[in-house]
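Structure assessment
Letter by letter, the chains look like this.
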Amino acid sequence: MAGEQLLKVQGVETYYGNIRALAGIDVEVKKGEIVSLIGANGAGKSTLMMTICGSPQARTGSIIFDGQDITKLPTHEIARLRIAQSPEGRRIFPRMTVLENLQMGAGLDNLKYFNEDVEKVFVMFPRLKERQSQRGGTLSGGEQQMLSIGRALMARPKLLLLDEPSLGLAPLIVKGIFEAIKVLNEKEGLTVFLVEQNAFAALKLSHRAYVLVNGKVTMSGSGKELLANPEVRAAYLEGGRH
Ligand SMILES: Nc1ncnc2c1ncn2[C@@H]1O[C@H](COP(=O)(O)OP(=O)(O)OP(=O)(O)O)[C@@H](O)[C@H]1O
Ligand SMILES: [Mg+2]
């Protein structure tokens, strides 16, 4: 149901050795929302996504997903709770075909839905249908990004985590991918937590957003509010990718 809390990150600190990458993060995502996290290189965006997935684990604070404390769960158990991630740099399986990559995403739990779900992915990304027998590693950057998102969707996620889906892609492809996210959210009620450096596109798409600076949330608000905010404009929008 819309409005119900799905993810609550509270007071989370994450370290790499002695270096604190997240310095007490509070973030919330409600069912049916698209929430984005914007911030400069090294702010800790990917670290937050990875911490939600359990690797690295939060040293302090808590992460509650769908009413369950997942802070100390191993990554494979978190994945089974239907949090799917399309990580930064895509990380598809390069030697497997497009179809095999999608099978990996579905896992054993969802094989009975495979034909139905794969058809949905192909409707969203017709390019993948044309290339279903091609090896992942030979796809173009944009096609690999589509495959990464498609693979995450095959897991039938309650929460889709996307880390920089626009990275390195041509504007037209970026537009297509953001449009696909919007349709999934509106038609299927998919909840999305999105990390983006392309602040303009992310804020336009999102119901709410957080700004991350040096491992801390410095601002939050609706996508519209942040788009209009002078500090956000100066730091992330002026001369940016829009
Ligand atoms: N495996 C690691 N070991 C040590 N330090 C790391 C590791 N991964 C990330 N860091 C550091 O943690 C900080 C946050 O990195 P992170 O990758 O989360 O940033 P980001 O906001 O995703 O940046 P970008 O926009 O460049 O992807 C950076 O200072 C980075 O150097
Ligand atoms: Mg990153």
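Overview of the structure.

Cut-off values and rules
- Residues numbered from 1 in each chain as written.
- Chains lettered and ligands numbered in written order.
- Predicted model: local features only at pLDDT ≥ 70, side-chain atom pairs only at ≥ 80, totals over all residues.
- Heavy atoms only, no water.
- Near = heavy atom within 4 Å.
- Polar contact = N/O pair within 3.5 Å; in protein donor to acceptor, adjacent residues only side chain to side chain.
- Helix = DSSP H or I, 4+ residues; strand = E, 2+ residues; numbered from the N terminus.
- Nonpolar A, V, L, I, M, F, W, Y, C, P; charged D, E, K, R; others polar.
- Salt bridge = Lys/Arg side-chain N within 4 Å of Asp/Glu carboxyl O.
- Pairing = 2+ DSSP bridges.
- Core = buried A, V, L, I, M, F, W, Y, C linked by side-chain atoms within 4.5 Å.
- Buried < 20%, exposed > 50% of the residue type's maximum accessible area, 1.4 Å probe, protein only.
- Contact = heavy atoms within 4.5 Å.
- Axes fitted to C-alpha atoms, helices over the stretch in contact; angles between N-to-C directions.
- Parallel < 35°, antiparallel > 145°, perpendicular 65-115°, else oblique.
- Left-handed = near helix turned anticlockwise from the far one by under 90°.
- Expected span 1.5 Å × (residues − 1).

Overview of the site of ligand 1
By nearness alone, 13 residues border ligand 1, and N41, G42, K45, S46 and T47 come closest of all. Between ligand 1 and G44, the relevant distance is 2.9 Å, taken from an oxygen atom to a main-chain nitrogen or oxygen of the residue. By residue number, the principal contributor to the shell around ligand 1 is helix 1 (residues 45-52), which donates 3 residues. Broken down by class, the residue content of the shell around ligand 1 amounts to 4 nonpolar, 6 polar and 3 charged.

Quick notes on unusual backbone geometry
For residues besides glycine, phi is generally negative; the peptide bonds are generally trans as well. Cis geometry is found at the peptide bond from S55 to P56, where omega equals 0°. Phi is positive for R156, close to 50°, though the residue is something other than glycine. With respect to the helices and strands, R156 occurs in the loop between helix 6 (141-154) and strand 7 (159-163).

Things to note about the pattern of salt bridges
Inspection of the entire model under this criterion finds 12 salt bridges. In this structure, K8 engages E28 in a salt bridge whose closest nitrogen and oxygen atoms are separated by 3.9 Å. Here the residue K8 occupies a position in strand 1 (residues 5-16), and E28 occupies one in strand 2 (residues 19-30), the gap between them amounting to 20 residues. Where salt bridges share partners, they join E4, K31, D66 and K158 into one cluster.

Section: the pairing of strand 1
Pairing of strand 1 with strand 2 involves 9 bridges; the strand directions are antiparallel. Residue pairing in the sheet places T14 in a bridge with L22 of strand 2. The antiparallel hairpin formed by strand 1 and strand 2 contains 2 residues in its connecting segment, where G17 sits at a positive phi of about 60°. Across 5 bridges, strand 1 lies against strand 4 (residues 60-65) in antiparallel orientation. The residue bridging Q10 from the neighbouring strand is S62, located in strand 4.

Brief notes about the nonpolar core
Proteins that are soluble and globular tend to have nonpolar side chains buried together. Residues I38, L102, F125, L128, I181, L194 and V232 are the most contacted members of the largest nonpolar core, which totals 45 residues. Here I38 is in contact with K45, E196, A199, A202, L203, Y210, V211, L212, V232 and Y236, once residues within four sequence places are set aside. Membership of the second largest hydrophobic core comes to 28 residues, among which are I52, C53, L159 and L161.

What about the packing of helix 3 (residues 98-106) against helix 4 (residues 114-124)?
At a minimum axis distance of 11 Å, the contact between helix 3 and helix 4 shows a crossing angle of 120°. Judged by the inter-axis angle, helix 3 sits oblique to helix 4. For the pair helix 3 and helix 4, the sense of crossing is right-handed. Touching L99, L102, Q103 and A106 of helix 3 are F114, V118, V121 and F122, all from helix 4. Counted by class, the contact of helix 3 with helix 4 contains 7 nonpolar, 1 polar and no charged residues.

A closer look at helix 6
Counted at 1.5 Å a residue, the expected span for helix 6 with its 14 residues is 20 Å, and the 20 Å between its end C-alpha atoms agrees. Counting buried positions along helix 6 gives 13 out of 14 residues, so the element sits mostly inside the fold. Two residues or fewer after helix 6 comes R156, characterised by a positive phi angle close to 50°.

Brief notes about the sheet that holds strand 6 (residues 83-86)
Consider a sheet: its strands pair through backbone hydrogen bonds, and that pairing is either parallel or antiparallel. Here 6 strands make up an open sheet; going across it, the order is 6-7-8-3-9-10 and the pairing mixed. If you trace the sheet from one side to the other, it starts and ends with strand 6 and strand 10 (216-222), each paired once. Recorded for the sheet is a direction-independent mean angle of 15° between the axes of neighbouring strands. Where strand 3 (residues 34-38) meets strand 8 (residues 191-196), 5 bridges bridge the pair, whose relative direction is parallel. For I38, the partnering residue across the bridge sits in strand 8 and is E196.

Examining the sheet that holds strand 5 (residues 68-69)
Strands sit in the order 2-1-4-5 across an open sheet of 4 strands; the sheet is antiparallel. In this open sheet, the two edge strands, each paired with only one partner strand, are strand 2 and strand 5. Its contacts with the sheet place helix 1 against strand 1, strand 2 and strand 4, and it is angled at close to 115° to strand 1.

Observations concerning the environment of L167
Mapped onto the elements of the fold, L167 is located in the loop between strand 7 and helix 7 (171-188). Its relative accessible area of 32% is what places L167 among the partly exposed residues. Sequence spacing of L167 and R90 is 77 residues, and the spatial spacing of their C-alpha atoms is 9.6 Å. When sequence neighbours within four positions are dropped, the list of residues in contact with L167 reads E88 and R90.

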